[in-house]
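Observations on the three-dimensional arrangement
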Amino acid sequence: MSYFTALVRNEWMKITSKRQLPYYLIFLLVVLAAAIGFQLWFQSEGGSEVGSVGFTSVIFEITSVFTGIFSIVIASQIITDEFKDGTIKQLLIRPASRTTILMSKLVTIMLVVLFVNLAMMLVTALAAFILFDSSAGGIHLLWEGTILPFFLTLPNELFYIFVAFTAAVLTRSLGLSISIAVILNSLAGMLIMFIFDKPWYKYTVFPHLDWNSYYKGEPPIEGITFGFSFGMYALYMLALLLVSILVFKKRDIQ
Amino acid sequence: MNDIVVELQNVTKKIRGKTLIDQLSFQVKRGEIYGFLGPNGAGKTTTIRMMVGLMSITSGTILIEGHDVVKNRAKAMAHVGAIVENPELYKFMTGRQNLLHFARMCGKDVSQSRIDEIVKFVELDQVLDKKVQNYSLGMRQRLGIAQALLHQPSILILDEPTNGLDPAGIRELRDYLKRLAREENISILVSSHLLSEIELMCDRVVVIQNGKYVGEQILDSKHTEEQQVTRSIQFHVEQGEAAAQSLEGTSYQPVQVENNVVTLTLTRDQIPEIVEHFVRHHIKIYEVRSIAETLEDKFLSMTKGGHIQ
Ligand SMILES: Nc1ncnc2c1ncn2[C@@H]1O[C@H](COP(=O)(O)OP(=O)(O)OP(=O)(O)O)[C@@H](O)[C@H]1O
Ligand SMILES: [Mg+2]
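Residues numbered from 1 in each chain as written. Chains lettered and ligands numbered in written order. Predicted model: local features only at pLDDT ≥ 70, side-chain atom pairs only at ≥ 80, totals over all residues. Heavy atoms only, no water.

Applied cut-off: UniProt positions are given in the numbering used here, feature names are shortened, and annotations may be inferred rather than shown by experiment.
In the nomenclature of an unreviewed UniProt entry, chain B corresponds to ABC transporter ATP-binding protein from the organism Paenibacillus agilis. Its UniProt record, at the heading Sequence similarities (unreviewed entry), says of chain B: "Belongs to the ABC transporter superfamily."

The name given to chain A in an unreviewed UniProt entry is ABC transporter permease subunit, and the organism recorded there is Paenibacillus agilis.

Focus: the side chain of Ser154(B)
Residues and elements named next belong to chain B. The cut-off we apply is this: Put simply, DSSP H or I for four residues or longer makes a helix, DSSP E for two residues or longer makes a strand, and each gets a number counted from the N terminus. In protein, a polar contact means a hydrogen-donor-capable atom and an acceptor-capable atom, both N or O and within 3.5 Å, with residues adjacent in sequence counting only if both atoms are side-chain atoms; elsewhere, any N or O pair within 3.5 Å suffices. The contact definition used throughout considers only heavy atoms, calling two residues in contact when any of these lie within 4.5 Å.
Mapped onto the secondary structure, Ser-154 falls in the loop between α5 (137–149) and β7 (155–159). Among the polar contacts listed, one links the side chain of Ser-154 to the side chain of Glu-65, at a separation of 2.6 Å. Setting aside residues no more than four positions away along its own chain, Ser-154 makes contact with Val-5, Arg-30, Glu-65, His-79, Ile-186 and Ser-187.

Brief notes about the nonpolar core
As a reminder, the rule being used: The criterion is simple. A nonpolar core is a set of buried Ala, Val, Leu, Ile, Met, Phe, Trp, Tyr and Cys residues joined through side-chain atoms within 4.5 Å. Partly exposed describes any residue whose relative accessible area lies between the buried limit of under 20% and the exposed limit of over 50%, with all areas from a 1.4 Å probe on protein chains only and scaled to the type maximum.
Judged by nonpolar contacts, the single largest core of 148 residues is most densely connected at Phe26(B), Ile155(B), Leu156(B), Ile157(B), Leu177(B), Ile188(B) and Leu189(B). Examining the composition of this core, we find that 15 residues originate from one element, helix α6 (residues 139–171) of chain A, more than from any other. Not counting the four nearest positions on each side in its chain, Ile157(B) is found in contact with Ile48(B), Met51(B), Val52(B), Val80(B), Gly81(B), Ala82(B), Ile83(B) and Leu189(B).

Re the interface of chain B and chain A
For the record, the criterion: Here the quantity called buried area is the accessible surface, traced with a 1.4 Å probe, that two parts lose on coming together, added over both. Definition used for salt bridges: Asp or Glu carboxyl oxygen within 4 Å of a side-chain nitrogen of Lys or Arg.
Facing 28 residues of chain B, the contacting portion of chain A comprises 29 residues. The junction of chain B with chain A conceals about 2,800 Å² of combined surface from both sides, 54% of it contributed by carbon and sulfur atoms. Linking chain B to chain A there are 3 salt bridges. One salt bridge connects Glu85(B) with Lys89(A), and the closest N-O pair in it is separated by 3.6 Å.

A look at the environment of His193(B)
All names here are of chain B. With respect to the helices and strands, the residue His-193 is situated in the loop between β8 (187–192) and α7 (195–201). Using a relative accessible area of 26% as the deciding quantity, one classes His-193 as partly exposed. Along the backbone, His-193 and Ala-42 are 151 residues apart, and their C-alpha atoms lie at a distance of 8.9 Å. Engagement of the side chain of His-193 in a polar contact is seen with the side chain of Glu-160, the distance being 3.0 Å.

Focus: unusual backbone geometry
Residue and element names in this part refer to chain B. Of note in the backbone geometry, Glu-65 takes a positive phi value of approximately 50° without being a glycine. Considering the arrangement of structural elements, one finds Glu-65 in the loop between β4 (59–64) and β5 (67–68). With phi around 50°, Asn-259 is a residue other than glycine that occupies positive phi space. The residue Asn-259 is located in the loop between β12 (256–258) and β13 (261–266) in this model. Asn-259 sits in the exposed class, given a relative accessible area of 67%.

Thoughts on the domain arrangement of chain B
Just so we agree on the cut-off: Where each domain begins and ends follows an automated or database-derived domain assignment.
As far as domains go, chain B holds domain 1 (4–220) and domain 2 (226–291). The straight-line distance from the C-alpha centre of domain 1 of chain B to that of domain 2 of chain B is 43 Å.

Let's talk about the sheet that holds strand β9 (residues 204–209) of chain B
All names here are of chain B. Under the convention used in this document: Note on pairing: two strands pair once DSSP finds at least 2 bridges between them. Where helices are involved, their axes are fitted lines through C-alpha atoms of the stretch in contact, as for all axes, and angles between N-to-C directions lie from 0 to 180°.
Reading across the sheet, the 6 strands line up as β6-β7-β8-β3-β9-β10 and stay open at both edges, with mixed pairing between neighbours. The open sheet has two free edges, formed respectively by β6 (80–83) and β10 (212–218), since each of these has just one partner strand. This sheet shows a mean twist of 15° between the axes of neighbouring strands, independent of strand direction. The pairing of β9 with β10 spans 6 bridges and is classified as antiparallel. Paired with Arg-204 across the two strands is Ile-218, which belongs to β10. Sitting on the sheet, helix α6 (residues 167–184) is in contact with β3 (33–37), β7 and β8, with an inclination near 150° to β8.

Structural data, given as structure tokens:
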């Protein structure tokens with residue numbers, strides 16, 4: 001087992017030992033159960049039936065919004081809790097460099113986000129295929145309707161995770177870093193309305209977060225290529241990463 | 001193997017123009033318990049933070065097993081176990097998970113038998129699978145020591161380890177540390193603002209104040225014997241000057257004469273001698289009082305004697 005893997009396993013152990021993750025998973029199951037219950041009741045009252053693929057895609061779309069916020073919370077917490085409990089000292093007096101520690105945390109967050117989303121997707125699809133009508137089509141529709149869109153929105157989710165993570169390193173305050181990421185996320189739509197016709201709009205990060213539009217064959221801004229979007233996206237992500245590493249490395253720990 | 005485990009060379013720390021640590025140098029030898037003494041705010045924690053790489057060093061060098069803690073951090077830290085201020089542990093995990101966590105971090109394999117050995121050493125086997133939030137402070141302190149020892153460091157750094165412990169806990173900790181130094185040949189650096197505490201467990205002590213080196217002293221266990229300890233004794237008399245005069249030509253010299261209070265530095269056996277002396281010289285004594293010395297006084301009286309044997 002490499003040293004880095006060991007660090008990631010440590011972070012994973014800490015996240016899974018806290019209450020947040022199990023509680024959040026329970027919350028997701030409750031949401032799913034409620035949706036199933038509502039649909040079954042609706043059908044028994046004579047309402048129209050739902051296809052299992054359609055059901056999965058709607059439910060997953062809703063829960064992934066929750067998971068987006070949840071991942072912002074844990075991306076902040078994985079940093080701020082160490083400062084709050086003073087365990088940051090124990091973490092940083094080991095052979096691991098500060099950059100390595102930071103990277104192990106970031107990788108763990110990504111693993112958690114993937115795990116939660118994929119687990120939810122799997123459970124929802126299983127339940128839907130057992131309970132609802134699957135005559136309209138099977139797995140390949142699931143790919144088109146749920147799996148692919150999820151991977152195409154992942155860059156957007158990752159961006160806000162990076163924002164929360166960097167804000168947490170900068171501020172060391174849980175409330176502040178969650179707020180920064182959530183507010184930016186919810187104001188992004190409005191912000192775009194003000195700036196979408198400016199010539200420099202394509203140099204902001206916002207048009208490059210939605211990769212679904214490329215899949216649909218209509219680029220977010222006329223004339224830009226996916227390569228350009230990918231490059232811009234990578235640039236912003238790298239900038240956030242660099243800021244968090246530099247600040248984290250230089251900080252005196254009290 | 002080199003006999004010096006830790007070496008500070010002219011270490012200085014400045015924050016926003018304020019000098020917290022000023023040209024501090026000292027060495028810790030292998031297998032010794034080294035006291036790091038200073039009043040509150042002297043800069044002990046600041047120094048320790050620099051030693052373990054939590055704080056940058058403004059100038060000077062810190063070597064651990066010959067490795068510069070700044071330039072060769074990973075190698076230096078591989079030899080260090082530390083508790084800075086409080087035993088910070090993950091309260092939401094069990095003692096075992098905490099140990100596993102720190103075992104994975106130390107960069108070399110820690111065998112299960114080593115973990116068992118340490119757990120036994122700090123006597124936590126009974127509670128190892130309980131969450132740390134249910135531990136008493138003494139248990140946390142011991143778990144803190146256990147995690148610091150997992151990788152068999154050559155230096156254990158403890159910042160005010162007795163803070164918050166009751167007398168029994170302090171005694172227990174003292175015994176652990178002595179056993180550690182003896183059985184595993186580990187050097188231990190213990191910071192404290194209490195001389196009495198340092199006296200009881202350390203082989204040598206360095207004293208700092210306002211971030212500056214004050215002095216270094218070898219402590220001998222005999223020194224703690226009651227008869228040998230000198231302390232300030234105040235004699236409240238009718239006429240201070242007369243009392244001081246009566247002492248002229250004797251081997252006793254007052255440290256201070258003020259408001260008819262004569263202060264002398266004496267051992268226990270000398271007190272009745274002085275009383276007798278004053279009575280013989282018809283000096284009226286109203287009160288004899290032993291003054292708890294400040295750390296500074298005590299250290300100064302320690303070093304003034306030149307040696308403590
Ligand atoms: N980040 C900082 N900025 C400015 N001054 C600081 C900072 N950290 C500590 N100090 C000051 O440095 C001095 C030394 O503090 P330090 O905590 O090292 O003392 P200490 O010897 O550990 O004291 P104590 O016995 O109270 O633990 C104190 O006067 C403190 O106010
Ligand atoms: Mg301190």
